[in-house]
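Notes for the structure review
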Amino acid sequence: MKSLSNYKVSDRLPIREWVPSNVQIRQYAEASGDFNPIHLDDNYARQAGLGGMIAHGMLTMAQMAAMLTDWIGKEGRISKLDVRFVQVVRPGDKITFGGSIKACSGNILVCDIEALNDRGDIVLAGSAFISQN
């Protein structure tokens, strides 16, 4: 098994692409219990000034966590995610997740992470801390 010490500062994380669908957003609402109509009712979201339905922020963060988990595999685990939601994500947006290693300290990797929509806008940004298993 590869050790976290084999990674170095500036190593790029893999790219993951995701296009949220209305069905996936509905499924997330059912799994999380978050039935806020801004996620499920386009007319309601428009009347609320959002320009239409938006995906749950935590659904977007979960996609980032999935990219990190797929990347690190059994070598480590996510010990902390520190993110901010910068822009809304809409059904049909193509979201690209990525990042790079900012710091390596023994059994910890600190990664700068971000997700961009297909217009080049950052929708999520922050840091991920990966610990040795």
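See the structure shown above.
Residues numbered from 1 in each chain as written. Predicted model: local features only at pLDDT ≥ 70, side-chain atom pairs only at ≥ 80, totals over all residues. Heavy atoms only, no water.

Right, let's talk about the pattern of salt bridges for a bit. Applying the stated criterion to the full structure yields eight salt bridges. With a closest N to O distance of 3.5 Å, Glu17 and Lys94 form a salt bridge. One end of the pair, Glu17, is in strand β1 (residues 16–18); the other, Lys94, is in the loop between β2 (76–85) and β3 (95–105), and 77 residues separate them in sequence. The exposure class of Lys94 is partly exposed, given its relative accessible area of 36%. Between Arg119 and Asp93 there is a salt bridge, with its nearest N and O atoms 3.5 Å apart. Of this pair, Arg119 sits in the loop between β4 (108–116) and β5 (122–132) while Asp93 sits in the loop between β2 and β3, and the two are 26 residues apart along the sequence. Here the salt bridges do not stand alone but share partners, grouping Asp93, Asp118, Arg119 and Asp121 into one network. (Salt bridge = Lys/Arg side-chain N within 4 Å of Asp/Glu carboxyl O. Helix = DSSP H or I, 4+ residues; strand = E, 2+ residues; numbered from the N terminus. Buried < 20%, exposed > 50% of the residue type's maximum accessible area, 1.4 Å probe, protein only.)

Below, the discussion takes up the sheet that holds β4. Spatial strand order, β1-β3-β4-β5-β2: five strands in an open sheet with antiparallel pairing. Strands at the two margins of the open sheet, each flanked by one partner only, are β1 and β2. Each adjacent strand pair in this sheet contributes to an overall mean axis angle of 25 degrees, direction not counted. As defined by bridge partners, β2 adjoins β5 across nine bridges and the pair is classed as antiparallel. Each residue of the ladder has a partner; that of Ile78, found in β5, is Ile130. Across the sheet, helix α4 (residues 57–72) lies against β1, β2, β3, β4 and β5, angled at about 150 degrees from β2, the strand it touches most. (Pairing = 2+ DSSP bridges. Axes fitted to C-alpha atoms, helices over the stretch in contact; angles between N-to-C directions. Contact = heavy atoms within 4.5 Å.)

Before going further, it helps to examine α4. For α4, which comprises 16 residues, the first-to-last C-alpha distance of 23 Å matches the rise-based estimate of 22 Å (1.5 Å per residue) to within 8%. Along α4, the residues classified as buried are Leu59, Thr60, Met61, Gln63, Met64, Ala65, Met67, Leu68, Trp71 and Ile72. Summarising the contacts, the buried residues of α4 are in contact with β1, α1 (22–32), β2, β3, β4 and β5. Positive backbone phi, at 55 degrees, marks Gly73, one or two positions downstream of α4. (Expected span 1.5 Å × (residues − 1).)

The subject of this paragraph is the packing of α1 against α4. Taken N-terminus to C-terminus, the directions of α1 and α4 make an angle of 100 degrees; their axes are 10 Å apart at the nearest point. With respect to their mutual orientation, α1 and α4 come out roughly perpendicular. From α1, Gln24, Ile25 and Tyr28 reach across to α4, where they touch Met58, Leu59 and Gln63. Tallied by class, the residues present in the contact of α1 with α4 amount to four nonpolar, two polar and no charged. (Parallel < 35°, antiparallel > 145°, perpendicular 65-115°, else oblique. Nonpolar A, V, L, I, M, F, W, Y, C, P; charged D, E, K, R; others polar.)

Turning our attention to the pairing of β3. Bridge analysis of β1 against β3 gives three bridges, and the strand direction is antiparallel. Following the sheet pairing, Arg16 is matched in β3 by Phe97. In textbook terms, the turn of a hairpin is the stretch between consecutive antiparallel strands, and for β3 and β4 this stretch comprises two residues, one of which, Gly106, has a positive phi near 60 degrees.

Coordinates in, geometry out; function isn't part of it.
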